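Observations on chain architecture
If you want the building blocks of each chain, they are given just below.
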Amino acid sequence: GDPLLQLVIKVASSTHQLTVKTPAKGGTLHLEMLSGVKLSHRTSILRCLCGMGLHNALDGAPYYFLGGHASPVAASPHHAMALASLSSWMSVAEQAGNKSKKNSAEVMEELMEQVNAHLETRTFLVDSPSMTIADIDLAVVMTKAPAALDNVASYPHVHRWLITIQDCMQHEYGIELSAKKPVPPISSATKNAAAQGPQLFFYGNETNVEIPKASAPAPKAQQGKEGAKGKKDQTQQEQPSKKDAKAGKQPKQKQQQQQQQSAAPTAFDVSALDIRVGQITKVWHHPESEKLFCEEIDVGEDQPRQIASGLRHFYQTADLENRRVVVLCNLKKRNLVGFPSHGMVLCASNADHTSVECMEPPADAKIGERVTFEGFEGDPEPENKIAKKKIFEAVAPDLKTNAQGICVWKSATSKTSSGPIKASKGMPDAQVS
């Protein structure tokens, strides 16, 4: 079935005079207007029903299937661009659905990486108070691809978005987004990684750390008996047989220990991050996003970095011009709403993200100077490793400000040649990202 078509027809036929005729098997989908005009393209039919076909009745409270952008009252360049973006996303969904039949894993990996970057600064694909037909259309395509659902935990913003669409479809309209396999809940995304220590979920400025419960210790008397018995058994196991000793073989248990040690995951610390002192040399509003600034930032390289930052709710353009900032530089370049962003301006934010302050270097710190942390002066990791091993996601939850607003990692204080970096207004005990 087609969950999106089911939803639109269900809402339209229950609240408006819409007659639906089910085509015979093998028949083509079409919408016949009172004027006699017939629409046969699925996307055109959906947009017509959600827009002018029913006088925009499905693009206002409580539905907003076109994001609230279709009403003539809302006519503006912003709404026009949002509608064009919505139509483009539906085209992306259509093409991805066709391509995924040929090479599902490769197509879905590329698509989910791009959508994950896009959703980093927004709740839905286009500016909207609730899900649109573009969100549902693309979500349906992704949930039909096994490769997408199997790897969804690797794309936290896509994961959160898919669960939002799935829950809304299910609870509000009684329609399953995917009849075959539901989107796995976020809480179970890392259950298979239990052997790697505490489970970590990182979504921008939100962190939840799940600490596995320690098993209750055995009574002392029992521990004494079992300990003595275990020690004896261990000694017997560690002693190689005469035959193995003569052949120069290692005991079996020792071989297993070596294999486990070699397979153990590498623990990364804050030295893996390439954090540098920078200065914004140019800043302007992103033409397609109400949340983003586009910036050119001097970080001591031959050319300034282009970086997009979601700071428009907290700063004016004049506040950022020529401002000295702190930049995370070893992130892979990616498009944020079409803008190629290569790095991240580090900021402190409170728990509900209603207050944000740029992190600032000391006035005498040199542009391009690397920020390190006491006791962690190792070389930074390359960009591709940061992305592949999800190092930033692992390290970032411990990147905070202390009571004085100074940036620390765990208990290690940040430092430059002229002192530590700190939140611009001294925000204490805040997350830095």
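Residues numbered from 1 in each chain as written. Predicted model: local features only at pLDDT ≥ 70, side-chain atom pairs only at ≥ 80, totals over all residues. Heavy atoms only, no water.

Now for the overall build of the protein chain. Within the protein chain, the regular secondary structure consists of 12 helices and 19 strands. Expressed as a percentage of the 433 residues in the protein chain, the buried residues total 41%. Sequence separation of at least 24 residues holds for 63% of the intrachain contacts in the protein chain that already meet a minimum separation of 6. For the protein chain, the accessible area works out to roughly 24100 Å², and carbon and sulfur atoms hold 51% of it. (Helix = DSSP H or I, 4+ residues; strand = E, 2+ residues; numbered from the N terminus. Buried < 20%, exposed > 50% of the residue type's maximum accessible area, 1.4 Å probe, protein only. Contact = heavy atoms within 4.5 Å. Areas by Shrake-Rupley, 256 points an atom, 1.4 Å probe, with all protein chains shown as cover.)

The final tally for this structure, using the stated rule, is two aromatic pairs. On the basis of an interplanar angle of 80 degrees and a centroid distance of 6.0 Å, the ring pair of W284 and F339 is categorised as edge-to-face. Taken together, the residues span a long stretch of sequence, with W284 in strand β5 (residues 275–285) and F339 in strand β10 (residues 339–341) at a distance of 55 residues. You can call F339 buried: its relative accessible area is 10%. Ring centres 5.2 Å apart and planes at 85 degrees place the aromatic pair F376 and W409 in the edge-to-face group. Within this pair, whereas F376 is found in the loop between β14 (370–373) and α11 (383–388), its partner W409 is found in strand β16 (residues 407–409), the two being separated by 33 residues in sequence. A cation sits over an aromatic face here: K282 above W284, 5.2 Å from the ring centre. (Phe/Tyr/Trp six-rings, centres within 6.5 Å; stacked < 30°, edge-to-face > 60°. Lys NZ or Arg CZ within 6 Å of the ring centre and 35° of its normal.)

As a further point, take the environment of A387. Structurally, the position occupied by A387 is in helix α11. When its relative accessible area of 40% is taken as the criterion, A387 is described as partly exposed. In the structure, A387 is positioned 55 residues away from K332 in sequence and 7.1 Å away in space, judged by C-alpha atoms.

What follows deals with the packing of helix α4 (residues 133–144) against helix α6 (residues 156–173). At a minimum axis distance of 10 Å, the contact between α4 and α6 shows a crossing angle of 105 degrees. With respect to their mutual orientation, α4 and α6 come out roughly perpendicular. Seen from α4, the contacting residues are D135, I136, L138, A139, M142 and T143; seen from α6, they are V158, W161, L162, I165 and M169. When its residues are assigned to classes, the contact of α4 with α6 shows nine nonpolar, one polar and one charged. (Axes fitted to C-alpha atoms, helices over the stretch in contact; angles between N-to-C directions. Parallel < 35°, antiparallel > 145°, perpendicular 65-115°, else oblique. Nonpolar A, V, L, I, M, F, W, Y, C, P; charged D, E, K, R; others polar.)

Once that is clear, we can look at unusual backbone geometry. Although it is not a glycine, V337 adopts a positive phi angle of roughly 55 degrees. Tracing the backbone shows V337 in the loop between β9 (334–336) and β10. Note on V337: relative accessible area 10%, which makes it buried. Of note in this structure, K390 is not a glycine but carries a positive phi near 55 degrees. Among the structural elements, K390 can be located in the loop between α11 and α12 (391–395).

Next up on the list: α6. The first and last C-alpha atoms of α6 sit 25 Å apart over 18 residues, in line with the 26 Å expected at 1.5 Å per residue. Listed as buried for α6 are P156, H157, V158, H159, W161, L162, I163, I165, Q166, C168, M169 and Y173. Positive backbone phi, at 70 degrees, marks G174, one or two positions downstream of α6. (Expected span 1.5 Å × (residues − 1).)

Mapped onto the elements, N402 comes out in the loop between β15 (399–401) and β16. There is a polar contact of 2.9 Å between the side chain of N402 and the backbone nitrogen of Q404. (Polar contact = N/O pair within 3.5 Å; in protein donor to acceptor, adjacent residues only side chain to side chain.)

With that settled, consider the pairing of strand β17 (residues 412–415). Looking at chain direction, β14 and β17 are connected through two bridges and run antiparallel. Residue pairing across strands places T372 opposite K415, the latter belonging to β17. Of the strand pairs in this sheet, β16 and β17 are connected by two bridges, and their pairing is antiparallel. Opposite W409, over in β17, you have A412 as the bridge partner. Where β16 folds back onto β17 in an antiparallel hairpin, the turn is made up of two residues, including K410, whose phi is positive at roughly 55 degrees. (Pairing = 2+ DSSP bridges.)

Moving on, we get to the pairing of strand β7 (residues 305–309). Counting buried residues along β7, four of its five residues qualify, which places the element largely inside the surrounding structure. Sheet analysis places strand β6 (residues 293–298) next to β7, joined by five bridges and oriented antiparallel. Bridge pairing in β7 links E295 to I307.

Attention now goes to the nonpolar core. Core analysis: the biggest nonpolar cluster contains 55 residues, and I133, M142, V158 and W161 have the highest contact counts within it. Listing elements by their share of this core, those giving two or more residues are α1 (3–15), α2 (42–50), α3 (77–118), α4, α5 (146–150) and α6. Take this core: its biggest share by element is 10 residues, from α3. Setting aside residues no more than four positions away along its own chain, V158 makes contact with M112, V115, N116, L119, M142 and V152. Formed by 29 residues, the second largest nonpolar core is a distinct cluster that contains I275, V277, V326 and A396. (Core = buried A, V, L, I, M, F, W, Y, C linked by side-chain atoms within 4.5 Å.)

Within this structure, the stated rule accounts for eight salt bridges. Across the salt bridge formed by R276 and E301, the nearest N and O atoms sit 3.1 Å from each other. Taken together, the residues span a long stretch of sequence, with R276 in strand β5 and E301 in the loop between β6 and β7 at a distance of 25 residues. Residue E377 pairs with K415 through a salt bridge whose shortest N-O separation is 3.0 Å. Of this pair, E377 sits in the loop between β14 and α11 while K415 sits in strand β17; the two residues are 38 residues apart in sequence, bridging distant segments of the chain. (Salt bridge = Lys/Arg side-chain N within 4 Å of Asp/Glu carboxyl O.)

We now examine a negative patch on the surface. Together, E106, E109, E110 and E113 make up a region of like negative charge exposed at the surface. Inspection of the secondary structure puts E109 in helix α3. (Patch = residues over 30% accessible without salt bridge, like charges linked within 9 Å, V, L, I, M, F, W, Y side chains within 5 Å. Lys, Arg positive; Asp, Glu negative; His and termini not counted. Charge placed at Lys NZ, Arg CZ, Asp CG, Glu CD.)

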